Amino acid sequence: MDKKFTTTSGIEIKDIYTSAKSLTETPGEFPFTRGIQKDMYRGRLWTMRQYAGFSTAEESNKRYHYLLAQGTMGLSVAFDLPTQIGYDSDHEMADGEVGKVGVAIDSLKDIEILFEGIELKKITTSMTINATASILLAMYIALAKKQGADLKEISGTIQNDILKEYAARGTYIYPPKASMRIITDIFEYCSKEVPKWNTISISGYHIREAGSTAVQELAFTLANGKAYLNAALEMGLDINVFAKRLSFFFNCHNNFFEEIAKFRAARRMWANMTKSLGATDEKAMMLRFHTQTGGSTLTAQQPLNNVIRVTNQAMAAVLGGTQSLHTNGYDEALSLPTEAAAKIALRTQQVIAFESGVTDTVDPLAGSYFIETLTDEIEGAAYIYIDKIDAMGGSVNAIENGYIQQEIANSAYQYQKEVESAERVIVGVNKFTQETEAITDTLTIDETIRIIQTEKINKLKAERDNEKVSLALKNLIEAAKSNDNLMPFILIAVEEYATLGEIADAMRNVFGEY
């Protein structure tokens, strides 16, 4: 019997493709299958945005200056786990986690240190933060004000995608309805005060890292996007305004052609979704996305093999039309990336951009029978999931009844079985192995970081005006009980140097925990 070839999502691959639907779409025009700009990278390259953050604000600031000096074009901030779930570094729940998977941020003071010597009006910043996104955004705005920047001109992105936290990642604080209220408050506030800020990065990345297939990543991400659109519409917001500030964050794994087709299908599907919900401005229908290479594809065995994996994935992201890209360090299966690994990851993007020639034409793979057919097939398979989720009443209901989580778990289990049986080859893990591994230098974070951060918090509380802090937190609690937009109240609390944990607790006081 002939061997059957499939993509990672189970779509059968024929031995040869001799036809595809006619390609009549133009790049930069609805439904944007071929890209959101007419000239794509001929006019402007993607933003090379290296994800970084560890230890203290002081240490991360040094890494940011290093990356900027190496030619990175935008910053991307990783926060530690306590910051992500609204605990100050001195909280008992923070023990053992301070500064480990990102930088510890306890107050505006830390943000001031984090961006010392960096003018916010001259860079774009992406912040991978969800449950406490409103607080971190308020801190960034407060610092921009202190620097004298025009808030109408500062730009960047907060991830702010809480639905995928419930489905795949777990760093949520409040129940779904309260979380959606905070998110739509951010949409409304930023549309008026910080109009160039991307108020949400709807994330498939963590869905994929949790074990989904490419089709599931696409389907569940766009279903979540649809839920955010509907929530904002229910608040009376104008889709032609707020949808322009929505962006996406996708993963890129090893199956080269499947990933490219996934990105092309995503643009087309989102354009049609937004149009069906009333969008008439083409910019409100454009799916703009950041890509990160696949963290879960990296191996601790033979770690230098990861340089090849990351290059393959980065090339697929570029050929798929990404607007922004982070390439992982080869040592990230062992630790946070060292400077050497971060540099080669950035150089990978620069070689693709300036030496490979793939940026010289707008849509290099357009017209490929295989790519065009695969794009259609991925779109069709993703809509099957989306239709099921719509029938359940949307993503929030599908998450609350466990449907999305179970689908991801089933795919993760199937993948692991294939690896363990060697049906799926992972070079250096289940084939082409070697007895001894090259030891690489790794980046370690010691436990003294918590002591340093606790001392900073104690000093802050001794020096700030605690009466003003108490009043700001009291007003935030009252706003949370009403229908007032929370962002102005959070910003005031931040500017009075209330800590992240104090602000998160004020909202816990009203919304509870999930």
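Look up: the structure comes first, before these words.
Definitions and cut-offs
Residues numbered from 1 in each chain as written. Predicted model: local features only at pLDDT ≥ 70, side-chain atom pairs only at ≥ 80, totals over all residues. Heavy atoms only, no water. Helix = DSSP H or I, 4+ residues; strand = E, 2+ residues; numbered from the N terminus. Axes fitted to C-alpha atoms, helices over the stretch in contact; angles between N-to-C directions. Parallel < 35°, antiparallel > 145°, perpendicular 65-115°, else oblique. Left-handed = near helix turned anticlockwise from the far one by under 90°. Contact = heavy atoms within 4.5 Å. Nonpolar A, V, L, I, M, F, W, Y, C, P; charged D, E, K, R; others polar. Pairing = 2+ DSSP bridges. Right-handed = clockwise from strand over helix to strand, strands pointing away. Expected span 1.5 Å × (residues − 1). Buried < 20%, exposed > 50% of the residue type's maximum accessible area, 1.4 Å probe, protein only.

A.B. asks: What exactly am I supposed to notice about unusual backbone geometry here?
C.D. replies: What is expected of a backbone is that most residues other than glycine have negative phi and most peptide bonds are trans. Each neighbour pair has its own omega, and for F30 with P31 the value is 5 degrees, a cis peptide bond. Tracing the chain through its elements places P31 in the segment before β1 (47-52). Of note in the backbone geometry, S55 takes a positive phi value of approximately 60 degrees without being a glycine. Mapped onto the elements, S55 comes out in the loop between β1 and α1 (57-70).

A.B. asks: Is there a simple way to think about the packing of helix α18 (residues 466-481) against helix α19 (residues 487-495) in this case?
C.D. replies: When two helices pack together, their arrangement is given by the angle between the helix axes and by the axis-to-axis distance. Interhelical geometry of α18 versus α19 gives an angle of 165 degrees and a closest axis separation of 9 Å. As summarised for this structure, α18 and α19 are arranged roughly antiparallel, according to the angle between their axes. Handedness of the α18/α19 crossing: left-handed. Contact with α18, carried on its side by A472, L473, N475, L476 and A479, involves F489, I490, I492 and A493 of α19 and no other residues of that element. The residue inventory of the contact of α18 with α19, partitioned by class, reads eight nonpolar, one polar and no charged.

A.B. asks: For this particular structure, what's the right way to read the sheet that holds strand β4 (residues 155-158)?
C.D. replies: Within a sheet, adjacent strands bond to each other through the backbone by hydrogen bonds, running parallel or antiparallel. With respect to topology, nine strands assemble into an open sheet ordered β5-β4-β3-β2-β1-β9-β8-β7-β6, the strand pairing being parallel. Edge strands, defined here as strands with exactly one partner in the open sheet, are β5 (197-198) and β6 (200-203). Here β1 runs beside strand β2 (residues 74-78); their pairing, made up of four bridges, is parallel. Bridge pairing links A52 to V77 in β2. Set on the sheet, helix α10 (residues 256-276) makes contact with β7 (246-252) and β8 (289-293); between it and β7 the angle comes to about 160 degrees.

A.B. asks: Can you walk me through the pairing of β4 in this structure?
C.D. replies: In regular strands, side chains alternate between the two faces of the sheet. Pairing between strand β3 (residues 124-128) and β4: four bridges, direction parallel. When the sheet's bridge partners are listed, M127 is paired in β4 with I158. The handedness of the β3 to β4 crossover, carried by helix α4 (residues 133-146), is right-handed.

A.B. asks: Is there a simple way to explain α10 in this structure?
C.D. replies: Structural remark: α-helix, 3.6 residues per turn; residues separated by three or four positions point the same way. Given a rise of 1.5 Å per residue, 21 residues ought to cover 30 Å, and the 31 Å separating the end C-alpha atoms of α10 matches this to within 8%. Burial of α10 is extensive: 16 of the 21 residues sit out of reach of the surface. Directly after α10, the chain includes G278, whose backbone phi takes a positive value near 110 degrees.

A.B. asks: Can you help me understand the pairing of β1 in this one?
C.D. replies: Counting buried positions along β1 gives five out of six residues, so the element sits mostly inside the fold. Across two bridges, β1 lies against strand β9 (residues 324-326) in parallel orientation. Following the sheet pairing, M48 is matched in β9 by L325. In the classification by handedness, the crossover that spans β1, the intervening α1 and the parallel β2 is right-handed.

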